[in-house]
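Structural overview for review
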Amino acid sequence: MIRASALLETAKAVQFADFTGQIIAIGQKSFSANGPLCQVGDVCSIGTNEFPPLAEVVAVEEGRVEMVPLGDMQEVRPGGTVTLNRDHSDFAVGDQFEGRAVNAFGEPIDDKPSILATKTPLRAGQTSMAKTIVAKRVETGIRAIDTLLPLAEGQRIGIFAASGVGKTTLVEQLSSRVACDKVVICLIGERGREVERLWNIHTEADSKVPVTLVAATSDEAPSVRIRAMKQALALCEYWRERGEHVVLFVDSVTRLAMALRDIGLAAGEPPALRSYTPNVFTALPDFVERCGAIAGKGAITAVFTVLSETDDVDDPIVETMRSLLDGHIVLSRKLAERGHFPAIDVRASISRVADQVLDSKQQESARNLKANVAVFEEARAMIESGIYQSGGSEEIDRAVSLWPKIQQFLMQSGASPSSLSASDGALQQCLIGGASL
């Protein structure tokens, strides 16, 4: 016998009628309709073809619905029928996504069979009191990160860099080596060949951690690029609910912000800071806060890349993400030009959970190395020009004597991952011969 409550829930989920509307105005990148009955974020079908084009609702007012296409607008015509499409308003999740590459709709792009998925709405964000960070260091295989800028389960960290300094390469290394249950990589606004290249790296590598790739390339509509982020989050949240540790890589937040700006402009929002619309600064905190660990369940550790407009790393998206994240890794063009990879500027980078995952001895060693780097860099011009003479300063002499070993420790090729114990040992060996500063 069916319980009354179950019957009511079933009745609520059934769509007894197709609410429709008609297109009444067409703009350059958006169009308006006089229906259907919907809300912001819903997906609608345009026309009555077997495979109609789709559009996302970005604004609703009395008698008017503003939409942006999830593809080209060639089939959008005045008077065309607009129908609410519930199949694409939810997100595809399930264990079958392990080891697969999909688009923003959860459809395969890896030439493998279709995925039998479960549909779910994007979950409402957890309350702030439910979020936590597990005091457990996540092994990345990169010495400079594991010892100086440690990553904890549930931490949200950013990689900040201008173009051409090794940001994508660092993401490739991290996603190939990080210790976790699952890896989800979300590529937003990337070139198609870069998507293929990254996927081939992971399929050819003998990784024990299953990798899921969600991609929306630069030629796809802004709403599709945003949906890719939501699809990746839906997968991560699905696995976190089952107690798993998922590491999410998002490349890049800057292109996500640009897509959000296009949607904001289409919805009629005025440009604000550096031409970004207000919805950008509302959506980014929501995406960041969806990550993290949940007490009694799993964790989403997130690594967001942020492409800065200049090497000064001072644009509004960078500053916004700095304020939201639990730490940041800054890549330096000067280091990259010297052939120093990964080009991590340890002076400008920070992990706000280092004191939770490193013991007192490890913290002291990290501070000591950073201090020696700072002293050497401040005196670099004098040292390299020959102005500075040995014996002028104990601190500088110590930094100069340790510098070759520090350089050897911080530089690491992509083919030589290091375990946590090996990294900790290498740090101690690096500092032998120099007293603490």
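Just above sits the structure.
All values derive from a computational prediction rather than experimental measurement. (Residues numbered from 1 in each chain as written. Predicted model: local features only at pLDDT ≥ 70, side-chain atom pairs only at ≥ 80, totals over all residues. Heavy atoms only, no water.)

Focus: unusual backbone geometry
Here D251 and S252 are connected by a cis peptide whose omega angle stands at 5°. Position of S252 among the secondary structure elements: in the loop between strand 16 (245–251) and helix 6 (253–266). Residues F341 and P342 are joined by a peptide bond in cis, for which omega reads -5°. Structurally, the position occupied by P342 is in the loop between helix 9 (333–337) and strand 20 (350–351). The backbone phi angle of D111 is positive, close to 60°, even though this residue is not glycine. Within the secondary structure, D111 sits in the loop between strand 8 (101–102) and strand 9 (118–120). (Helix = DSSP H or I, 4+ residues; strand = E, 2+ residues; numbered from the N terminus.)

Some details on the packing of aromatic side chains
The final tally for this structure, using the stated rule, is 3 aromatic pairs. Ring geometry for Y276 versus F281: centroids 6.4 Å apart, planes at 80°, classification edge-to-face. A centroid spacing of 4.0 Å and a plane angle of 10° characterise the contact between F376 and W403, whose relative ring orientation is stacked. Of this pair, F376 sits in helix 11 (residues 360–385) while W403 is found in helix 12 (residues 394–410), placing the two residues 27 residues apart along the sequence. Lying across the ring of F409, R143 places its NZ or CZ 5.8 Å from the centre. (Phe/Tyr/Trp six-rings, centres within 6.5 Å; stacked < 30°, edge-to-face > 60°. Lys NZ or Arg CZ within 6 Å of the ring centre and 35° of its normal.)

Here's the deal with the pairing of strand 16
Strand 16 sits mainly inside the fold: 7 of its 7 residues count as buried. On strand 16, burial covers both faces: H245, V247, F249 and D251 on one face and V246, L248 and V250 on the other are all buried. As paired strands, strand 14 (residues 182–190) and strand 16 are joined by 6 bridges and run parallel to one another. Opposite K182, over in strand 16, you have V246 as the bridge partner. Taken together, the 6 bridges between strand 16 and strand 18 (residues 299–307) define a ladder with parallel strand orientation. The residue bridging L248 from the neighbouring strand is A302, located in strand 18. (Buried < 20%, exposed > 50% of the residue type's maximum accessible area, 1.4 Å probe, protein only. Pairing = 2+ DSSP bridges.)

So, helix 12
With 17 residues, helix 12 extends 23 Å from end C-alpha to end C-alpha; this agrees with the ideal 24 Å at 1.5 Å per step. Where helix 12 bends most, at W403, the angle is about 50°, and the proline P404 comes one to four residues later. Among all positions in helix 12, only I396, R398, A399, L402, W403, I406, F409 and L410 are buried. On its buried face, helix 12 sits against helix 2 (143–148), helix 11 and helix 13 (420–430). (Expected span 1.5 Å × (residues − 1). Bend = angle between axes of the 7 residues up to and from the residue. Contact = heavy atoms within 4.5 Å.)

A closer look at the side chain of D326
Following the sequence through the fold, D326 ends up in the loop between helix 8 (316–324) and strand 19 (327–330). Those residues within four positions of D326 in sequence are excluded, and the remaining contacts are I133, G154, Q155, R156, S351, R352 and V353.

A few points about the packing of helix 5 (residues 222–241) against helix 6
Viewed as axis vectors pointing N to C, helix 5 and helix 6 meet at an angle of 130°, and their least axial separation amounts to 8 Å. Relative to helix 6, helix 5 is oriented oblique. For helix 5 against helix 6, the interelement crossing comes out left-handed. Here P222, S223, R225, I226 and M229 of helix 5 lie close against helix 6, whose contacting residues are R255, L256, A259, L260, D262 and I263. A per-class count over the contact of helix 5 with helix 6 returns 7 nonpolar, 1 polar and 3 charged. (Axes fitted to C-alpha atoms, helices over the stretch in contact; angles between N-to-C directions. Parallel < 35°, antiparallel > 145°, perpendicular 65-115°, else oblique. Left-handed = near helix turned anticlockwise from the far one by under 90°. Nonpolar A, V, L, I, M, F, W, Y, C, P; charged D, E, K, R; others polar.)

Quick notes on the sheet that holds strand 3 (residues 43–46)
Reading around the circumference, 1-2-5-4-3-6 is the order of the 6 strands in this closed barrel, with antiparallel pairing throughout. Put simply, the sheet's adjacent strands are angled 45° from each other on average, direction ignored. As paired elements, strand 4 (residues 54–61) and strand 5 (residues 64–69) share 6 bridges and run antiparallel to each other. Across the sheet, E61 pairs through a bridge with R64, a residue of strand 5.

Observations regarding the pairing of strand 3
Neither face of strand 3 is left uncovered, since the one carrying V43 and S45 and the one carrying C44 and I46 both have all their residues buried. Note that strand 3 and strand 4 share 3 bridges and pair antiparallel. Counted as the bridge partner of S45 is L54 from strand 4. Inspection of the sheet shows strand 3 paired to strand 6 (residues 81–84) by 3 bridges, in the antiparallel sense. If you follow I46 over to strand 6, its bridge partner there is V82.

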